[in-house]
Amino acid sequence: MRWILLVVRENLDLKWHRSRKMLTPAFHFKILEEFIEVFNQQSKKFVNKLQKYSDGKPFDIFPSITLATLDIILETAMGRSINAQDDPQSEYVKAIHDMGQVIVMRITRPWLRYEFIFKRTQWGRLEKKSLEILHKFSLDTIKQRKMEYKRLKSQKIGKEETAISGKKKRQALLDLLIEYSEQNEFLTEENIREEVDTFMFAGHDTTAVGINWFIYLLGRHPEIQVNDQLFHDYREYSIPIPYIFQEKVYRELELIFGRSDRPASSADIRKMKYLECCIKESLRLLPSVSFFSRNLTEDMIIGQKFALLEEKVVLSSFFRKFRVESLEKFEDLKLTGNLIIRPEKDVLVKIFPRNEE
């Protein structure tokens, strides 16, 4: 089964329904709150890495965002860190990038959809090599976490504590799957790997694209200094609502954090009302994916709360430190129609430190 097969195909069999029903509790807000520490740590690293670009020279911010979201999803989904932001040339990072290229090629070149042809091309060989790396990483991680789970269980150490420090232990989504597998025999090691790989795709690339488009949109009109009257009367001033107001976002963050650089808490995140509205408007204008299909009889949202929490922390960290100007006009954007909506070419931005204002 391919790396993202469970994501891109319509899979309505019994296994899919059972796994969705089982996984929904894993995205309960109380569980997700445990991941805020990871969001803050990786967001801080992301912002620090961007300092070298804060001289106002144009650059493409998307690669930096992608590495940050990859670090976040690996640590929260698998409980394992590869430090992608520090080592962007690592084998695992390269394999993910290569798989992304393979997917684009298969979507845009109809003849590569035939397995007989595809596996005899360079893209087929690249996919095989990349999948071996990705699957080995996932399976090795699963085995390690299973051994740790059994060790803690045999020593009767509760999941709230670790054997060494006695401090509260943060569970990765993989840990929850391993725990569920004891009561659900259909959740085999291979099924766990499929679920983890699905988290990796759905929680990494799509979130990175969403953050990238958000920063682009807020950077389109940096000269607008918004006041409340202007915001409420935008029609009178002929200001298009898609131009989400950067300074109003910053004002909300300043009310929450002041000028401090402390990490965001769950209470802080709940106060980011305007930022959340902007994120949703950004997704409406430039969604992360080009298409999706549903055949549901009831609401079943997997991972939306996780993604929103992650985006709030990353974006609030960014806009507390930087102003941004986007150079490409909205009407001049050329987008790819692949699985993920990306720009055809680099979308350049300029960033400036706020502490100099």
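Because the structure is predicted, anything quoted here is derived from the model rather than measured.

When its secondary structure is counted, the chain shows 16 helices and 3 strands. Every one of the 357 residues in the chain was classed for burial, and the buried ones make up 50%. Put simply, 75% of the contacts in the chain that link residues at least 6 apart link residues at least 24 apart.

Sheet architecture is open: 3 strands sit in the order β1-β3-β2, paired in antiparallel fashion. Looking at the sheet topology across the chains shown, the edges are occupied by β1 (59-60) and β2 (322-326). Where β1 and strand β3 (residues 348-353) come together, 2 bridges link them in antiparallel fashion. Counterpart to Asp 60 in the pairing with β3 is Leu 348. Contacts from helix α16 (residues 304-321) reach β2 and β3, with the element oriented near 95 degrees to β2.

Attention now moves to the confidence of the model for the chain. Reading fine detail from the predicted coordinates is not recommended where pLDDT is low. Confidence along the chain averages 78 in pLDDT terms, with 75% of residues attaining 70 or more. Every residue in residues 223-244 is under pLDDT 50, and counting partners more than four places away or in other chains gives 33 contacts.

We now examine the nonpolar core. In this structure, Phe 46, Ile 61, Leu 70, Tyr 92, Ile 215, Phe 318 and Phe 319 are the most contacted members of the largest nonpolar core, which totals 81 residues. Sequence-distant contacts of Phe 46, that is, excluding residues within four places in its chain, are made with Ile 61, Ser 64, Ile 65, Ala 68, Gln 85, Val 314 and Phe 318. If you look at the next biggest cluster of nonpolar residues, it comprises 5 residues, including Met 105, Leu 112, Phe 118 and Trp 123.

There is a patch of nonpolar side chains on the surface, built from Trp 111, Tyr 114, Phe 116 and Ile 117 and spanning about 500 Å² of accessible area. Along the polypeptide, Phe 116 turns up in helix α7 (residues 115-118). For Phe 116, a relative accessible area of 57% puts it in the exposed group.

Turning our eyes to something else, we now look at the pattern of salt bridges. One pass over the structure, following the stated rule, counts 16 salt bridges. Two residues, Asp 86 and Lys 45, come together in a salt bridge whose shortest N-O distance is 3.0 Å. You can see Asp 86 sitting in the loop between α5 (62-77) and α6 (91-108) and its partner Lys 45 sitting in helix α4 (residues 36-50), a full 41 residues away along the chain. Arg 193 serves as the salt-bridge partner of Glu 190, at 2.5 Å between the closest nitrogen and oxygen. Here Arg 193 and Glu 190 lie together in helix α10 (residues 189-202), a separation of 3 residues that amounts to about one turn.

Glancing now at the packing of α5 against α6. For the pair α5 and α6, interaxial distance at closest approach is 12 Å and the crossing angle is 110 degrees. When the axis of α5 is compared with that of α6, the two are roughly perpendicular. The handedness of the crossing between α5 and α6 is right-handed. Two secondary-structure elements touch here, α5 through Leu 67, Leu 70 and Leu 74 and α6 through Tyr 92, Val 93 and Ile 96.

Our focus in this paragraph is the environment of Lys 248. Along the polypeptide, Lys 248 turns up in helix α13 (residues 246-257). Given a relative accessible area of 15%, Lys 248 falls into the buried group. When the C-alpha atoms of Lys 248 and Tyr 274 are compared, they prove to be 8.1 Å apart, with 26 residues separating the residues in sequence.

Counting buried positions over the 9 residues of helix α9 (residues 173-181) gives 9, a clear majority of the element. Inspection of α9 places Leu 173, Leu 174, Asp 175, Leu 176, Leu 177, Ile 178, Glu 179, Tyr 180 and Ser 181 among the buried residues, and these make up the whole buried set.

All right, on to the side chain of Thr 141 then. Tracing the sequence through the fold places Thr 141 in helix α8 (residues 122-154). Residue classification places Thr 141 among the buried residues on the basis of a relative accessible area of 1%. Setting aside residues up to four positions removed in sequence, Thr 141 forms contacts with Met 78, Arg 80 and Leu 174.

The next point concerns unusual backbone geometry. Excluding glycine, residues mostly carry a negative phi; peptide bonds, for their part, are mostly trans. In this structure, Asn 83 is a non-glycine residue whose phi angle is positive, near 50 degrees. By the secondary structure assignment, Asn 83 is in the loop between α5 and α6. Using a relative accessible area of 34% as the deciding quantity, one classes Asn 83 as partly exposed.

To continue, consider α5. Between its terminal C-alpha atoms α5 stretches 22 Å, which fits the 22 Å expected from 16 residues at 1.5 Å a residue. Summarising burial for α5: 15 of the 16 residues are buried, a large majority. Residue Gly 79 follows α5 closely and has a positive phi angle near 70 degrees.

Right, let's talk about the state of the cysteines for a bit. Enumeration according to the criterion identifies 0 disulfides in this entry. No disulfide involves Cys 277; its sulfur sits 6.9 Å from the nearest other cysteine sulfur, which is in Cys 278.

Time to look at the packing of aromatic side chains. Taken as a whole and assessed by the stated rule, the structure comprises 9 aromatic pairs. Ring geometry for Phe 35 against Phe 306: centres 5.9 Å apart, planes inclined by 70 degrees, an arrangement best described as edge-to-face. One end of the pair, Phe 35, is in the loop between α3 (29-32) and α4; the other, Phe 306, is in helix α16, with 271 residues separating them in the sequence. One exposure class covers both Phe 35 and Phe 306, and it is buried. Here Phe 318 and Phe 322 contribute two aromatic rings whose centre-to-centre distance is 5.4 Å and whose plane-to-plane angle is 45 degrees, an arrangement assigned as tilted. Pair check on accessibility: Phe 318 and Phe 322 agree, each one buried. An aromatic cluster of at least three residues, connected via ring pairs, comprises Phe 46, Phe 214, Phe 318, Phe 319 and Phe 322. If you follow Arg 120 out to its NZ or CZ, it ends over the ring of Phe 116, 4.1 Å from the centre. One residue, Arg 320, lies across the ring of Phe 257, its end atom 3.6 Å from the ring centre.

Thresholds, definitions, all that
- Residues numbered from 1 in each chain as written.
- Predicted model: local features only at pLDDT ≥ 70, side-chain atom pairs only at ≥ 80, totals over all residues.
- Heavy atoms only, no water.
- Helix = DSSP H or I, 4+ residues; strand = E, 2+ residues; numbered from the N terminus.
- Buried < 20%, exposed > 50% of the residue type's maximum accessible area, 1.4 Å probe, protein only.
- Contact = heavy atoms within 4.5 Å.
- Pairing = 2+ DSSP bridges.
- Axes fitted to C-alpha atoms, helices over the stretch in contact; angles between N-to-C directions.
- pLDDT = per-residue confidence, 0-100.
- Core = buried A, V, L, I, M, F, W, Y, C linked by side-chain atoms within 4.5 Å.
- Patch = residues over 30% accessible without salt bridge, like charges linked within 9 Å, V, L, I, M, F, W, Y side chains within 5 Å.
- Areas by Shrake-Rupley, 256 points an atom, 1.4 Å probe, with all protein chains shown as cover.
- Salt bridge = Lys/Arg side-chain N within 4 Å of Asp/Glu carboxyl O.
- Parallel < 35°, antiparallel > 145°, perpendicular 65-115°, else oblique.
- Left-handed = near helix turned anticlockwise from the far one by under 90°.
- Expected span 1.5 Å × (residues − 1).
- Disulfide = S-S within 2.5 Å.
- Phe/Tyr/Trp six-rings, centres within 6.5 Å; stacked < 30°, edge-to-face > 60°.
- Lys NZ or Arg CZ within 6 Å of the ring centre and 35° of its normal.

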